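Take a look at the letters that make up each chain.
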Amino acid sequence: MCIRDRYQRRVHGGSIKPEQFKEIYGTIDTGRSRWNDLKVNSDQIYTWNPESTYIKEPPFFQNLSLDPPGFPTIKGAYCLCYLGDSVTTDHISPAGNIAKNSPAGRYLQERGVNKDDFNSYGSRRGNFEIMERGTFANTRIINKLVDKVGPQTVHIPSGKVMDIYDAADAYQK
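Because the structure is predicted, anything quoted here is derived from the model rather than measured. (Residues numbered from 1 in each chain as written. Predicted model: local features only at pLDDT ≥ 70, side-chain atom pairs only at ≥ 80, totals over all residues. Heavy atoms only, no water.)

Colleague: Which residues make up the state of the cysteines, and what values do they have?
Modeller: With the rule as written, the count across this model stands at zero disulfides. Left without a disulfide partner, C79 is nearest to the cysteine sulfur of C81, which lies 6.8 Å away. Judged by relative accessible area, which is 16%, C81 ranks as buried. (Disulfide = S-S within 2.5 Å. Buried < 20%, exposed > 50% of the residue type's maximum accessible area, 1.4 Å probe, protein only.)

Colleague: Tell me what's going on with the pattern of salt bridges, and back it up with residues and numbers.
Modeller: Taken as a whole and judged by the stated rule, the model has eight salt bridges. With its nearest N and O atoms 3.5 Å apart, the salt bridge here joins R4 to D5. For R4, a relative accessible area of 53% corresponds to the exposed category. Owing to a relative accessible area of 27%, D5 belongs among the partly exposed residues under this scheme. Of the charged contacts in the structure, one is a salt bridge between R133 and E132, with a shortest N-O distance of 3.6 Å. Judged by relative accessible area, R133 falls into the buried class, the value being 14%. Among the ionic contacts, a cluster of salt bridges with common partners joins K56, E129, E132 and R133. (Salt bridge = Lys/Arg side-chain N within 4 Å of Asp/Glu carboxyl O.)

Colleague: Pulling in residues and values, what's your account of the side chain of D163?
Modeller: Its place among the elements puts D163 in strand β2 (residues 161-163). Within the local environment of D163, its side chain forms a polar contact with the side chain of R106, the two groups lying 3.3 Å apart. (Helix = DSSP H or I, 4+ residues; strand = E, 2+ residues; numbered from the N terminus. Polar contact = N/O pair within 3.5 Å; in protein donor to acceptor, adjacent residues only side chain to side chain.)

Colleague: Break down the side chain of S120 for me, citing the residues and quoting the values.
Modeller: Relative to the helices and strands, S120 is located in the loop between α5 (103-110) and α6 (128-134). Residue contacts for S120: discarding those within four places in its chain leaves A95, G96, N97 and I98. (Contact = heavy atoms within 4.5 Å.)

Colleague: Report on unusual backbone geometry, specifying residues and quantitative values.
Modeller: With omega at 15°, the peptide bond leading from I156 into P157 counts as cis. With respect to the secondary-structure elements, P157 resides in the loop between β1 (152-154) and β2. Look at N119: it is not a glycine, yet its phi comes out positive at around 70°. For N119, a relative accessible area of 42% puts it in the partly exposed group.

Colleague: Which residues make up the nonpolar core, and what values do they have?
Modeller: Counting residues in each nonpolar core, the largest one holds ten residues, listed as I98, A104, Y107, L108, V113, F118, Y121, I130, M131 and A137. At the level of elements, α5 and α6 are the ones that each hand at least two residues to this core. Excluding anything up to four places from it in sequence, L108 contacts T53, I98, V113, F118, R124 and I130. (Core = buried A, V, L, I, M, F, W, Y, C linked by side-chain atoms within 4.5 Å.)

Colleague: Can you lay out the packing of aromatic side chains for me, pointing to particular residues and giving the numbers?
Modeller: How two aromatic rings sit relative to each other is given by the distance of their centres and the angle of their planes. Scanning the entire structure with this criterion turns up five aromatic pairs. Relative to Y171, the ring of Y78 lies with its centre 5.5 Å away and its plane at 25°, an arrangement referred to as stacked. Residue Y78 is found in the loop between α3 (33-36) and α4 (89-92), and its partner Y171 is found in helix α7 (residues 164-172); the two are separated by 93 residues along the sequence. For Y171, a relative accessible area of 26% translates into the label partly exposed. Each residue in the set F60, F61 and F128 is aromatic and connected to the rest through ring pairs, giving one cluster. In this structure, R124 packs its charged tip against the face of Y54, placed 3.8 Å from the ring centre. Lying across the ring of Y82, K144 places its NZ or CZ 5.2 Å from the centre. (Phe/Tyr/Trp six-rings, centres within 6.5 Å; stacked < 30°, edge-to-face > 60°. Lys NZ or Arg CZ within 6 Å of the ring centre and 35° of its normal.)

This is the structure we're talking about:
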């Protein structure tokens, strides 16, 4: 047996004991008092709070069909982003802080949330309204359709430079 293995056995043998696991995991089914004291309803289905800015029922789960209609034909679409080769998932769906003047920041402010309480995209990922506004919201994204770094694009046919979400929203209307 090598020196490293002997050292590991000595350290583990002197510091990790079966009693520790029995103590911690022996009551895992009963939980702690703080957890057990939480007030919950007995509904089988989650009761959505429409005022929540952290978790919100997504409309795309409503009226689901076992026989989906298929994809509609796309007509008159414009390019939102022309991105290079160094795009990561953090550019597409950031987990960092929500900027005050971003579409997600404006959404939160419209609902009375102070900037200090915005938190991050990662913490608000249960709210589809935040996440759709956060798509391509990374402040370091490079969209070759505009001449500056940041989450912006050019809206066609107006030619106006705007946040990517705002352009996508304008195209939907």
